Amino acid sequence: MTLELSHFTAAVLFSVFASVVFGITQRNTARER
Amino acid sequence: MANPAKTTPREAQKAAGSPRMSVIAPAVAWFIPGAGHLIQKRWVRGILIMASITTMFVLGLLMQGRVYHPNGGDILDMLGFVGDVGAGGLYIVTRMQGWGHGAIAHATADYGTKFLIVAGLLNFICAADAYHIAIGKKP
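Thresholds applied
- Residues numbered from 1 in each chain as written.
- Chains lettered and ligands numbered in written order.
- Predicted model: local features only at pLDDT ≥ 70, side-chain atom pairs only at ≥ 80, totals over all residues.
- Helix = DSSP H or I, 4+ residues; strand = E, 2+ residues; numbered from the N terminus.
- Buried ≥ 20, exposed ≤ 12 C-beta atoms within 10 Å, placed from the backbone.
- Contact = placed C-beta atoms within 7 Å.
- Nonpolar A, V, L, I, M, F, W, Y, C, P; charged D, E, K, R; others polar.
- Expected span 1.5 Å × (residues − 1).
- Arc of directions from axis to C-beta.
- Axes fitted to C-alpha atoms, helices over the stretch in contact; angles between N-to-C directions.
- Parallel < 35°, antiparallel > 145°, perpendicular 65-115°, else oblique.
- Left-handed = near helix turned anticlockwise from the far one by under 90°.
- Core = buried A, V, L, I, M, F, W, Y, C linked by C-beta atoms within 7 Å.
- pLDDT = per-residue confidence, 0-100.

### With respect to the overall build of chain B
1) Next: Scanning chain B for helices and strands turns up seven helices and zero strands.
2) Next: Helices and strands in chain B line up, N terminus first, as α-α-α-α-α-α-α.
3) Next: Every one of the 139 residues in chain B was classed for burial, and the buried ones make up 42%.

See below:
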């Protein structure tokens, strides 16, 4: 199976996943929960 | 402003977590993305990390991304390997199955290679986050 995404779709998916991980990991205090 | 409340030694020890967990959590987090948070009962964070990194890695493979080998011979290949190996078990399974040879025929195959590398690098960050939770540095 091969996935041929457009450049835009690939960029959107990349940013979504990166944002989720950074949103979780770059918090330091309980207030930021 | 700093919290003036005093903490008892027991509370401080509880916040710091067990020394064993500070070793196990990052190791498990590296091997299975998100598992380092899950074993510390951070369910939502663990599931989000697991879903994000696994999906990113699988999309990279489906986009015919290239999986780097440790002895690529080129310094940039070695850096690519460092990124890829961050995905832990996903990388090991991929190598065992012989996936990830890449295909130049697809215009977005290079994006797939980047997806694979970044999924591994993000997993390194998550393993560090799991370690910080284990030592009580983060909630």
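### Topic: the overall build of chain A
1) Next: Scanning chain A for helices and strands turns up one helix and zero strands.
2) Next: For chain A, buried positions account for 12% of its 33 residues.

### Some details on the interface of chain A and chain B
1) Next: Counting residues at the interface gives 17 residues for chain A, matched by 22 residues for chain B.
2) Next: Within the side of chain A that touches chain B, the residues separate by chemical class into twelve nonpolar, four polar and one charged.

### So, helix α1 (residues 7–25) of chain A
1) Next: The terminal C-alpha atoms of α1(A), which comprises 19 residues, lie 27 Å apart, in line with the 27 Å expected from a rise of 1.5 Å per residue.
2) Next: Those residues of α1(A) that fall on the buried side of the exposure criterion are Ala10(A), Phe17(A), Val21(A) and Ile24(A). Here the buried residues of α1(A) occupy an arc of 85 degrees about the axis, which is enough to place them on one side. The exposed residues of α1(A) that point more than 90 degrees off its buried face are His7(A), Phe8(A), Ala11(A), Val12(A), Ser15(A), Val16(A), Ser19(A) and Phe22(A).
3) Next: In the core, the buried residues of α1(A) are packed alongside α4 (43–62) and α7 (109–134) of chain B.

### Some words on the packing of helix α2 (residues 19–31) of chain B against α7(B)
Residues and elements named next belong to chain B.
1) Next: Viewed as axis vectors pointing N to C, α2 and α7 meet at an angle of 160 degrees, and their least axial separation amounts to 8 Å. The angle between α2 and α7 places the two elements in the roughly antiparallel class. Remark: the crossing between α2 and α7 carries right-handed chirality. Residues Met-21, Ser-22, Ala-25, Pro-26, Ala-29 and Trp-30 of α2 form the contact with α7, whose own contacting residues are Asn-123, Cys-126, Ala-127, Ala-128, Ala-130, Tyr-131 and Ala-134.
2) Next: When its residues are assigned to classes, the contact of α2 with α7 shows eleven nonpolar, two polar and no charged.

### Structural notes on the nonpolar core
1) Next: If you look at the biggest cluster of nonpolar residues, it comprises 36 residues, and the most contacted ones within it are Ala29(B), Ile53(B), Met56(B), Phe57(B), Phe115(B), Ala119(B) and Ala130(B).
2) Next: When residues of this core are traced back to their parent elements, those giving at least two are α1 of chain A together with α2, α4, α6 (89–97) and α7 of chain B.
3) Next: For this core, the leading source of residues is α7(B), giving 13 residues.

### A closer look at the confidence of the model for chain B
Residues and elements named next belong to chain B.
1) Next: Taken residue by residue, chain B gives an average pLDDT of 88. The fraction at 70 or more is 86%.
2) Next: Confidence over residues 1–5 falls short of pLDDT 50; this stretch has zero contacts with residues more than four positions distant or in other chains.
3) Next: ipTM for the predicted complex: 0.89, alongside a pTM of 0.87.

### Some thoughts on α4(B)
1) Next: The end-to-end C-alpha separation of α4(B) is 28 Å, in line with the 28 Å expected for 20 residues at 1.5 Å each.
2) Next: Listed in full, the buried residues belonging to α4(B) are Arg45(B), Gly46(B), Ile49(B), Ser52(B), Ile53(B), Met56(B), Phe57(B), Leu59(B), Gly60(B) and Leu61(B).
3) Next: Contact partners of the buried residues in α4(B): α1 of chain A together with α3 (35–38), α6 and α7 of chain B.

### Examining unusual backbone geometry
Residue and element names in this part refer to chain B.
1) Next: We note that Lys-41 has phi near 65 degrees; this positive angle belongs to a residue other than glycine.
2) Next: Position of Lys-41 relative to the elements: it lies in the loop between α3 and α4.
3) Next: For Lys-41, a count of 9 C-beta atoms within 10 Å translates into the label exposed.

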